[in-house]
Amino acid sequence: MVDTLEHPVDAFDDHGPGAEHGPDEHHGPTGILKWITTTDHKVIGLSYTVTAVIMLVIGGAFAEIIRAQLATPSGTLVSLAQYNELFTMHGSVMIYLFAGPFAFGALANIIVPIQIGAPDMAYPRLNALSYWLYLTGAITMLSGFFTAGGAANFGWVAYAPLSNSLNTPGAGADLWIGGLLLTGFSAIFTGVNLVATIFYLRAPGMTMFRMPIFTWNMLVTAILILLAFPVLTAGLIMLYADRHFGTHIFSVAGGGVPVLWQHIFWFWGHPEVYILALPFFGMVTEILAVFSRKPVFGYKGMVFATLSIAALSLGVWAHHMFTTGVVLLPFFSIMSLLIAVPTGIKIFNWIGTMWRGEVWFSAAMLMAIGFVVTFLIGGLTGIYLASPPLDFFTHDTYFVVAHFHSVVMALVLAGMAGLYYWGPKFTGYLLNERIGKIQFWFLFIGTQVFTLPLYLLGLRGMPRRMAVYPHDPQWKFLNDLSSLGAVLIGVSTILFVVNVVVSWKKHPAGDNPWDGQTLEWFTTSPPPHHNFYRLPVIRSERPTWDYNHPEHHAIAHAPAEVKR
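Residues numbered from 1 in each chain as written. Predicted model: local features only at pLDDT ≥ 70, side-chain atom pairs only at ≥ 80, totals over all residues. Heavy atoms only, no water.

Caption draft 1: Looking closely at the overall build of the protein. On a plain count of helices and strands, the protein comes out with 18 helices and zero strands. Against the compact-globule benchmark of 24 Å for 564 residues, the protein has a radius of gyration of 24 Å, which places it among compact chains. Based on the C-alpha atoms only, the size of the protein along its principal axes is roughly 70 × 50 × 50 Å. Residue burial in the protein is summarised as follows: out of 564 residues, 56% are buried. Residue pairs in contact within the protein that sit at least 24 positions apart in sequence constitute 82% of those at least 6 positions apart. A total of about 22,100 Å² of accessible surface is found on the protein, and carbon and sulfur atoms cover 70% of it. (Helix = DSSP H or I, 4+ residues; strand = E, 2+ residues; numbered from the N terminus. Rg over C-alpha atoms; globule rule 2.2 N^0.38 Å. Buried < 20%, exposed > 50% of the residue type's maximum accessible area, 1.4 Å probe, protein only. Contact = heavy atoms within 4.5 Å. Areas by Shrake-Rupley, 256 points an atom, 1.4 Å probe, with all protein chains shown as cover.)

Dropping the structure here:
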């Protein structure tokens, strides 16, 4: 076996990726001991994946209970106090414990090192620590349900003074803070690891502008993590100090400023929107190109759009604070509108990638297209909310709930696309395509049936965060419709679990079932311990495609007169 660390030049070969395979020489523990002690990025990534999907199921279960409560105006399924716990923990689980860890913990861990030809992450032990911090933080946060006072109930944004010890006493809130601190440190360590890995462990020939878009997006995401998460960590420590050590940082009574928490939280929270979204943008970009049989349309444009989004995301936090009266409305409105421009560039480039391509409507491709449509709806409604007069009208209504649920459900669609696309790479087996396509239609239709009525509810004045509401026939019908959509989404989740169980080790994938373009499809499925036996010569951002289709590579790089 060629050691790609010690002999990087010898690792390049113009023979097939399977022709020179020898036995995997790695020896070590197996079973549960392997999982506990491993520093292999693929095993750690798989652990992240399983844990994040479990969090998705838990957060989804909370959502189903919430929608069941709201299906009738005076619902009695849960008490008012329990409802506050449910919507707080639903948002917390979906944002902190599912979407982020799945994006920059799960698939990034598995795919990024392989995409750049690296044998592992730069700091394998730190990588393992990151996962265990995430798992411990998730358990810590959820354990609030088992305390006497119940789980945290101040909303997933923990606004002061609602989150002080007087208004929300009990261990549940403290466990929420502790769990979020642990997962925050996990994210910071992962960010350090991703930056170091991408900068220093790329294979020879893989220049920055030969990196796949997914890797580019993960690099930018990691940098945003390093800028944003320390701010949230500091804010959480201040909040805990206010609750237990007699400080008055966010308390008016002691000379503090409650709105300072909003500044701290949203200075983290708006970059966090793109920390969540950019990895999924990268997944969808890869999938649309592979299943359209084309290179990414406007590759460099996509890279610079990603960099622009990252830069602008640090200057728009206060558009969440228009109604506080303490921020400069024109500046933050203009900045919020500007960030729609590079995001729109991505939409057009995704369409351009599919345009006149040989489109293969696999389950992964359908999920990716569903993401584009759903994210477009969420993005367009975000432009409305960037206008202060419209935001004043809709801020505390279900319109805002609909907007961010369109965005989050788009990310769920993209995450499912990533699992169907890359699942065969790290398991060696394909999921059932027929079940996957049925799941897509339940998920896509369910998402629209769930979110679109909420926009109308918001425009008709229904406040958010309410467990009961007036007996308005229009509100009742729209809530029933939204609850039906939630049921369809629940069915889609069950179908995914069924697909995993039914397909387990039944359909061997082969090394490259999709005729993929990037480097992860050059190695075996699953990859060996150090990822590669040999590497192809890297001449573009699509080295595996170049290797498998030399005639296309020759045409693409021929002089202009030859092409004509």
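Caption draft 2: Local environment of the packing of helix 6 (residues 213–244) against helix 7 (residues 259–292). At a closest axis distance of 8 Å, the pairing of helix 6 and helix 7 adopts a crossing angle of 160 degrees. If you check the angle between helix 6 and helix 7, you find them roughly antiparallel. In the packing of helix 6 onto helix 7, the handedness of the crossing is left-handed. When grouped by side-chain class, the residues that make up the contact of helix 6 with helix 7 number 25 nonpolar, five polar and two charged. (Axes fitted to C-alpha atoms, helices over the stretch in contact; angles between N-to-C directions. Parallel < 35°, antiparallel > 145°, perpendicular 65-115°, else oblique. Left-handed = near helix turned anticlockwise from the far one by under 90°. Nonpolar A, V, L, I, M, F, W, Y, C, P; charged D, E, K, R; others polar.)

Caption draft 3: Quick look at the nonpolar core. By size, the foremost hydrophobic cluster in this structure holds 167 residues, and its most contacted members are Phe102, Trp176 and Phe371. Excluding residues that lie within four positions of it along the chain, Phe102 makes contacts with Thr49, Ala52, Val53, Leu107, Phe280, Met283, Gly415 and Leu419. (Core = buried A, V, L, I, M, F, W, Y, C linked by side-chain atoms within 4.5 Å.)

Caption draft 4: Local environment of the environment of Val192. Structurally, the position occupied by Val192 is in helix 5 (residues 171–200). According to the relative accessible area criterion, Val192 is partly exposed, its value standing at 32%. For the pair formed by Val192 and Trp132, sequence separation is 60 residues and the distance between their alpha carbons is 16 Å. When neighbours within four sequence positions are excluded, Val192 is seen to be in contact with Tyr123 and Leu226.

Caption draft 5: Main features of the packing of helix 4 (residues 124–142) against helix 5. Closest axis-to-axis distance for the helix 4/helix 5 pair is 8 Å, and the angle between their directions is 160 degrees. In terms of orientation, helix 4 and helix 5 fall into the roughly antiparallel class. Handedness of the crossing formed by helix 4 with helix 5: left-handed. The residues of helix 5 that touch helix 4, namely those facing Leu126, Asn127, Leu129, Ser130, Leu133, Tyr134, Thr136, Gly137, Ala138, Thr140 and Met141, are Leu175, Trp176, Gly178, Gly179, Leu180, Leu182, Thr183, Phe185, Ser186, Phe189, Thr190 and Asn193. Residues belonging to the contact of helix 4 with helix 5 are distributed by class as follows: 12 nonpolar, 11 polar and no charged.

Caption draft 6: Here's a closer look at the packing of aromatic side chains. Using the criterion set out here, one finds 47 aromatic pairs in the structure. Seen in terms of ring centroids, Phe281 and Trp350 are 5.4 Å apart; in terms of plane orientation they differ by 75 degrees. Their pairing is edge-to-face. Here the residue Phe281 occupies a position in helix 7, and Trp350 occupies one in helix 10 (residues 340–354), the gap between them amounting to 69 residues. The same class applies to Phe281 and to Trp350, which are both buried. The structure contains a cluster of three or more aromatic residues connected by ring pairs, namely Tyr96, Phe104, Phe154, Trp156, Trp176, Phe229, Phe250, Trp261, Phe265, Trp266 and Trp268. A cation sits over an aromatic face here: Lys300 above Phe209, 5.3 Å from the ring centre. (Phe/Tyr/Trp six-rings, centres within 6.5 Å; stacked < 30°, edge-to-face > 60°. Lys NZ or Arg CZ within 6 Å of the ring centre and 35° of its normal.)

Caption draft 7: View of the pattern of salt bridges. Inspection of every chain in the model, using the stated rule, returns five salt bridges. As a salt-bridge pair, Arg243 and Asp174 come within 2.8 Å of each other at their nearest N and O atoms. In this pair, Arg243 is assigned in helix 6 and Asp174 in helix 5, connecting sequence segments 69 residues apart. Residue Asp174 is classed as buried on the basis of its relative accessible area, which comes to 17%. Here Asp480 ties to Lys476 by a salt bridge, and the two come within 2.6 Å at their closest N and O atoms. Placement of the pair is Asp480 and Lys476 together in helix 15 (residues 473–503), with a separation of four residues, close to one helical turn. For Asp480, a relative accessible area of 30% translates into the label partly exposed. (Salt bridge = Lys/Arg side-chain N within 4 Å of Asp/Glu carboxyl O.)

Caption draft 8: Representation of the confidence of the model for the protein. Per-residue confidence for the protein averages 91 on the pLDDT scale, and 93% of its residues sit at or above 70. Predicted confidence is poor over residues 18–23, with pLDDT under 50, and the contacts of this stretch with residues over four places away or in other chains come to eight contacts. Contacts of residues 558–564 to residues separated by more than four positions or lying in other chains number three contacts, the stretch itself having pLDDT below 50. (pLDDT = per-residue confidence, 0-100.)

Caption draft 9: Region of interest: helix 5. Compared with an ideal rise of 1.5 Å per residue, which puts 30 residues at 44 Å, helix 5 spans 43 Å between its outermost C-alpha atoms and is within 8% of the ideal. Burial runs high along helix 5: 21 of the 30 residues are buried. (Expected span 1.5 Å × (residues − 1).)

Caption draft 10: Helix 4, seen in detail. Here helix 4 contains 19 residues, and its C-alpha end-to-end distance of 28 Å stays within 8% of the 27 Å for a straight helix at 1.5 Å per residue. Every buried residue of helix 4 is accounted for by Asn127, Ala128, Ser130, Tyr131, Leu133, Tyr134, Leu135, Gly137, Ala138, Thr140, Met141 and Leu142. Where the residues of helix 4 are buried, they touch helix 1 (31–37), helix 2 (41–70), helix 3 (80–115) and helix 5.

Caption draft 11: Focus on the side chain of Glu85. By the secondary structure assignment, Glu85 is in helix 3. Buried within the structure, Glu85 lacks any salt-bridge partner; Arg243 is the closest side chain of opposite charge, at an N-O distance of 12 Å. In this structure Glu85 touches Phe145, Gly149, Gly150, Ala151, Ala152 and Asn153, once residues within four positions along its chain are discounted. (Lys, Arg positive; Asp, Glu negative; His and termini not counted.)

Caption draft 12: Region of interest: the environment of Ala222. By secondary structure assignment, the location of Ala222 is in helix 6. Look at Ala222 and you get buried, because its relative accessible area is 0%. Along the chain, Ala222 and Ala151 lie 71 residues apart, while their C-alpha atoms are 30 Å from each other. With residues up to four places along the chain from it excluded, the contact list for Ala222 reads Gly191, Leu194 and Val195.

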